[in-house]
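Okay, here's what each chain looks like letter by letter:
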Amino acid sequence: MSEQEQNLKKNPQIDSNLNKKFELLGFNKLTEIQKKAIPHIFSKQDCIVTAPTGSGKTECSVIPIFSHVNKTKQKGKIKVIYITPLRSLNRDVFRRITDYAHKDDLDIAIRHGDTTQANRKKISNSPPDVLITTPETLVILLTQEKFLTALSELEWVVIDEIHELLPSERGSQLSLSLERLQLNSNKKIIRIGLSATVGNIADAAHFLVGTAKPVSYTHLRAHETPEHLVFRLVIVKKKGGGG
């Protein structure tokens, strides 16, 4: 691999079509973390995006993901799972990203403990392209044959507020669910973690990609803003493994 190719792999550029899509969605000026994170997410790298609330972490993850899924979607298959620790956050994210999904002709649904029986049946009978859920509900879904079939082509998992799940029983439960998702899927699942603050990046990296193999991670810090807010993108890789 030439030096130029190595540099492009380490510092990928934003795809021109994707850049136009952000502009059409009203993002005339990307934030610093978006500039750093979008190319890596679009190139399908496991990563953790940490930046203050309001800096566009959600958009820099889902818009590139939806662009890919628009081309790979399959009827009756869930291609993206977006996990948040709270049902209220599920609802907030649903309101926030539904338009982005629809712009790419993707179906999106929310499934948690408050979901009505009618909507549960609808999701089960006609799985969406994108499903927003909680760690607890995911555990339940993984016991259902219908959902295991729907998840057999899963490609992406986004974990929002990842720091809330790290030092907890819920986090351990989610780690097991992530491994079950990978074992069940015919695709290599790309994992994206989002957080306003992560204290121990090593722990977060292991949590994101699993502990079966040693993990390496590369910090890519965006420029500081005039307000001196620090943004950080962490590329996570398993040593001796793919991705």
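Residues numbered from 1 in each chain as written. Predicted model: local features only at pLDDT ≥ 70, side-chain atom pairs only at ≥ 80, totals over all residues. Heavy atoms only, no water.

### Comments concerning the overall build of the chain
Helix and strand counts for the chain come out as 10 helices and 8 strands. The proportion of buried residues among the 243 residues of the chain is 49%. Sequence separation of 24 or more characterises 69% of the internal contacts of the chain that already satisfy a separation of 6 or more. With an accessible surface of roughly 12100 Å², the chain has 49% of that area assigned to carbon and sulfur atoms. (Helix = DSSP H or I, 4+ residues; strand = E, 2+ residues; numbered from the N terminus. Buried < 20%, exposed > 50% of the residue type's maximum accessible area, 1.4 Å probe, protein only. Contact = heavy atoms within 4.5 Å. Areas by Shrake-Rupley, 256 points an atom, 1.4 Å probe, with all protein chains shown as cover.)

### Remarks on the packing of helix α9 (residues 169-184) against helix α10 (residues 201-209)
Contact pair α9 / α10: the axes reach a minimum separation of 8 Å and the direction vectors enclose 40°. Judged by the inter-axis angle, α9 sits oblique to α10. Contacts between α9 and α10 involve G171, L174, S175, L178 and E179 from the first element and F207, L208 and V209 from the second. Considering only residue class, the contact of α9 with α10 consists of 5 nonpolar, 2 polar and 1 charged. (Axes fitted to C-alpha atoms, helices over the stretch in contact; angles between N-to-C directions. Parallel < 35°, antiparallel > 145°, perpendicular 65-115°, else oblique. Nonpolar A, V, L, I, M, F, W, Y, C, P; charged D, E, K, R; others polar.)

### Overview of the environment of I38
Following the sequence through the fold, I38 ends up in helix α3 (residues 32-42). Note: C-alpha distance between I38 and N19 (19 residues apart in sequence) is 9.4 Å. The contact partners of I38, leaving out residues within four places of it in the chain, are I14, L18, F22, L30, C60 and P64.

### Quick word on the pattern of salt bridges
Applying the stated criterion across every chain, the model contains 10 salt bridges. Salt-bridge contacts for E32 lead to K35; the nearest nitrogen and oxygen are separated by 3.4 Å. Taken together, the residues span about one helical turn, with E32 and K35 both in helix α3 at a distance of 3 residues. A relative accessible area of 23% means that E32 is categorised as partly exposed. Among the salt bridges present, the one from R170 reaches E136, with a minimum N-O distance of 2.5 Å. In this pair, R170 is assigned in helix α9 and E136 in helix α7 (residues 135-141), connecting sequence segments 34 residues apart. (Salt bridge = Lys/Arg side-chain N within 4 Å of Asp/Glu carboxyl O.)

### Quick look at the nonpolar core
I41, V49, I65, F66, Y82, I97 and I192 are the most contacted members of the largest nonpolar core, which totals 36 residues. Ranked by the residues each element gives to this core, the list is headed by helix α4 (residues 57-72), at 6 residues. Setting aside residues up to four positions removed in sequence, I65 forms contacts with I41, V80, W156, V158 and I192. L138, I162, I189 and I201 belong to the second largest nonpolar core, which has 32 residues in total. (Core = buried A, V, L, I, M, F, W, Y, C linked by side-chain atoms within 4.5 Å.)

### Some remarks on α9
The end-to-end C-alpha separation of α9 is 23 Å, in line with the 22 Å expected for 16 residues at 1.5 Å each. Buried within α9 are the following residues: G171, L174, S177, L178 and L181. Looking straight down α9, one finds that the buried residues subtend no more than 115° of arc, so they occupy a single side. Of the exposed residues in α9, the ones pointing more than 90 degrees away from its buried face are E169, L176 and L183. (Expected span 1.5 Å × (residues − 1). Arc of directions from axis to C-beta.)

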